[in-house]
Each structure stands twice: as C-alpha cells, then as structure tokens.
Amino acid sequence: MKIVSLILARGGSKGIPGKNIIDLNGKPLIHYTISASKHSNVHETWVSTDCKKIKKISKLLEANVIDRPKELAQDTSQSDDALLHFSENHDFDILVFIQPTSPLLSSQYINKGIDLLVNNIKYDSVFSVYKEHWIPKWSIEGKPINWDISNRPRRQDKTEQYVENGAFYITTKKNLKKYKLRYGGNIGFIEMKFSESFQIDTFDDLELVKKML
C-alpha cells in the first residue's frame, strides 16, 4: 500500500503575497508542513506548485515536486482539481492532502489519520478538526445566527460540534476518483487542539503563530 502526501502551494496569494514561502521564525512557511509530512508514515512527500521559487525551496527541503498547470492555480481554482491532476500523473493508494498554511500540524496527527483510514473499514476518508463549544454568532446584518435573542441558550445546553481546521484530508485514490473531492463516503475525524488549528491567511495570523512556535 503506497501512501503519499500532497501539499498544494500556488504562487499567487492576495492576502499575503508569497504566503506559502513567507518567513516564519526563520523558515519558509511551507517548511513546517513538509517537515510534518516527512516525519510521518507517508512514503513520499509531494508539492504541487506553479511557482519556480516554491519549486526550488521545496526541492531543497527534499520534497518531490509536480508542476501544476496555470489553469489549476488561479484564484478561482478548486483544490480538488489539483488533487485529481496529481492522481492522474502519479501512482498511490492513499493520499494525504496537507495545506501549507497549517504550520502547527505535527506528524502524530497525520499518522493517526492514516491509521484510522487503514485500520478501520468503516471510513472511506478522514480529515482534521477541532471541537467548538457553542458561542453566539451574528450575521454581518446584525441578526443572530440559529438562535433566538429573546431566548439566549446557555453554552452547556448546546451540542458541541466539529469544525474543519483545514490542516489535512486523507482519502484513497479510488474515492478521490469516484467523488472528485478531497473526502467522500463515510468520513472519520481526527481531533486536534484548537491551539494547533490556526491557519496563516492574514498578517495577524502570521504574527500570532510566530509567538506560538
């Protein structure tokens, strides 16, 4: 059984220019997820990119690189299409899709996800989450979302829920081709701590994670 990881790291980024290789405590952002992958039980670590600089850095970090077509690296491009592009060009049984914007991800969680998928026939795919307690949320228009302002619930009376933290998704090649999505079928979860679930999307995120590493 061949297990590979794929990190999608296109060159274009609006929120933080050059985000995927921006300096994070002396190392390019993508270093952290490449390292987590290489220390996990995956057999090969791959980076899909359209950027020559990201390609060079990824190779220096001993990751394999697949060139992503420009049409799959636009602002409107879907990650799932890049996963399918990889699946059409490389052989594997299980794919671990890792997002480079999750520098707090550790190899132990990747391994837990692989074990859950491989050793539990109940699941067809797995992804990482954190547990969220209920908090009152409001729309931009100033309306309460799914709760009544005149009957405010107590946090302990509301059911906890899982939130995708975007760190990783694991599926089989068969499932990827069937659903054309990063997950499908019966889905399992790997719970991470909220404090390990931050993604780098803004400069505020970057400054926060710098202090956490």
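Quick caveat: nothing in here was measured; it's all calculated off a predicted structure.

**Considering unusual backbone geometry**
You will see that E62, though not glycine, has its phi angle at about 70°, which is positive. Tracing the backbone through its elements, the reader meets E62 in the loop between α2 (52-60) and β5 (64-67).

**What to know about the side chain of S102**
Tracing the sequence through the fold places S102 in the loop between β6 (94-98) and α4 (107-119). For S102, a relative accessible area of 3% puts it in the buried group. Once residues within four sequence positions are removed from consideration, S102 is found in contact with T33, N165, G166, A167, F198 and Q199.

**Quick notes on the environment of D204**
If you trace the backbone, D204 turns up in helix α6 (residues 203-212). A C-alpha to C-alpha distance of 32 Å links D204 and T171, two positions 33 residues apart in sequence.

**A closer look at the pairing of β6**
Across the 5 residues of β6, 5 count as buried, placing the element largely inside the fold. The two faces of β6 match: I94, V96 and I98 on one face and L95 and F97 on the other face are all buried. Bridge count for strand β1 (residues 3-8) against β6 is 5 bridges, and the pairing is parallel. By the bridge assignment for β6, I7 is matched with I98. Two strands pair when backbone bridges link them, and β6 and strand β8 (residues 161-172) are joined in this way by 5 bridges, in the antiparallel orientation. Of the residues in β8, the one forming a bridge with I94 is T172.

**Some remarks on the packing of aromatic side chains**
With the rule as written, the count across this model stands at 12 aromatic pairs. Ring centres 5.7 Å apart and planes at 35° place the aromatic pair F127 and Y169 in the tilted group. Of this pair, F127 sits in strand β7 (residues 125-132) while Y169 sits in strand β8; the two residues are 42 residues apart in sequence, bridging distant segments of the chain. Note on F127: relative accessible area 6%, which makes it buried. Using a relative accessible area of 4% as the deciding quantity, one classes Y169 as buried. The interplanar angle of 70° and the centroid separation of 5.1 Å between the aromatic rings of Y130 and F194 together place this pair among those described as edge-to-face. In this pair, Y130 is assigned in strand β7 and F194 in the loop between β9 (187-191) and α6, connecting sequence segments 64 residues apart. For Y130, a relative accessible area of 15% corresponds to the buried category. Owing to a relative accessible area of 48%, F194 belongs among the partly exposed residues under this scheme. Within the aromatic cluster, the residues linked to one another by ring pairs are F97, F127, Y162, Y169, Y183 and F189. Taking NZ or CZ as reference, K173 lies 5.0 Å from the ring centre of F92, over its face. Here the basic side chain of R182 rests over the ring of Y169, its NZ or CZ set 5.0 Å away from the ring centre.

The rules we used
Residues numbered from 1 in each chain as written. Predicted model: local features only at pLDDT ≥ 70, side-chain atom pairs only at ≥ 80, totals over all residues. Heavy atoms only, no water. Helix = DSSP H or I, 4+ residues; strand = E, 2+ residues; numbered from the N terminus. Buried < 20%, exposed > 50% of the residue type's maximum accessible area, 1.4 Å probe, protein only. Contact = heavy atoms within 4.5 Å. Pairing = 2+ DSSP bridges. Phe/Tyr/Trp six-rings, centres within 6.5 Å; stacked < 30°, edge-to-face > 60°. Lys NZ or Arg CZ within 6 Å of the ring centre and 35° of its normal.

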